[in-house]
Amino acid sequence: MTKWKILPVIACSVWVLMAAWAGSAAAGPEKMGGWELDGAYNQLYKSSERDRLKGVIEEVTEVVPLPGMSPGVAIILRDEDGDTVRVHLGPRFFVDPQGIGVRKGDEVKIRGAWAEVGGEDVFIASKVKRSEFEEFKVRRTRDGYPFWCMSPEELAAEKSGE
């Protein structure tokens, strides 16, 4: 492969690595602040409600999905129909707003699931894709298992595609 063909592959790999390792070791189960695998918020993600969105990011913002939870990161998306959608990405200890590589004005494709959180319809993301070679994954697409609840070994397996 020439260096110009391999460069996008490297960029994509770095993007996924940053997402997977952003804060996985930052919080043990006792410090997840409501983001636990068996917590009330995580139970709202239903694989049967999986969907895709496409639109333009209007804002990257902080969100506290349910009372008592630690802060998370969300984006406000203007979808193709012109509707505004709040998209939850994950806990702040895992999702670094500056490190995820998306910002206001970016056109993105998002996979995830619809949920009602605190009386509001929101989209809980599993993957945000900015281009063919840039994506940010926070959950397994097939079942919504959050990356921040995975062990380093499980994250490595996800990264390698096993």
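Residues numbered from 1 in each chain as written. Predicted model: local features only at pLDDT ≥ 70, side-chain atom pairs only at ≥ 80, totals over all residues. Heavy atoms only, no water.

Novice: With reference to specific residues and values, describe the nonpolar core.
Specialist: A general tendency of soluble globular proteins is for nonpolar side chains to be buried together. Counting 35 residues, the largest nonpolar core has Val87, Leu89, Val95 and Ile110 as its most contacted members. Those elements that place two or more of their residues in this core are strand 1 (50-63), strand 2 (72-79), strand 3 (84-91), strand 4 (107-117) and strand 5 (120-131). Sequence-distant contacts of isoleucine 110, that is, excluding residues within four places in its chain, are made with Asp51, Arg52, Leu53, Ile75, Leu77, Val87, Phe123, Ala125, Lys127 and Val128. (Core = buried A, V, L, I, M, F, W, Y, C linked by side-chain atoms within 4.5 Å. Buried < 20%, exposed > 50% of the residue type's maximum accessible area, 1.4 Å probe, protein only. Helix = DSSP H or I, 4+ residues; strand = E, 2+ residues; numbered from the N terminus. Contact = heavy atoms within 4.5 Å.)

Novice: Give me the lowdown on the pattern of salt bridges, citing residues and values where you can.
Specialist: Should their charged atoms come close, side chains of opposite charge can pair. Evaluated as defined, the whole model comprises 7 salt bridges. Residues arginine 130 and aspartate 106 are paired through a salt bridge, measuring 3.5 Å at the closest nitrogen-oxygen approach. Residue arginine 130 is located in strand 5, and its partner aspartate 106 is located in the loop between strand 3 and strand 4; the two are separated by 24 residues in the primary sequence. Aspartate 106 gets classed as buried once you look at its relative accessible area, which sits at 16%. Between glutamate 158 and arginine 140 there is a salt bridge; the shortest N-O distance is 3.6 Å. Residue glutamate 158 is found in helix 2 (residues 152-160), and its partner arginine 140 is found in the loop between strand 6 (134-137) and helix 2; the two are separated by 18 residues along the sequence. Overlapping salt bridges, with partners in common, bring together Asp106, Arg130 and Glu134 in one network. (Salt bridge = Lys/Arg side-chain N within 4 Å of Asp/Glu carboxyl O.)

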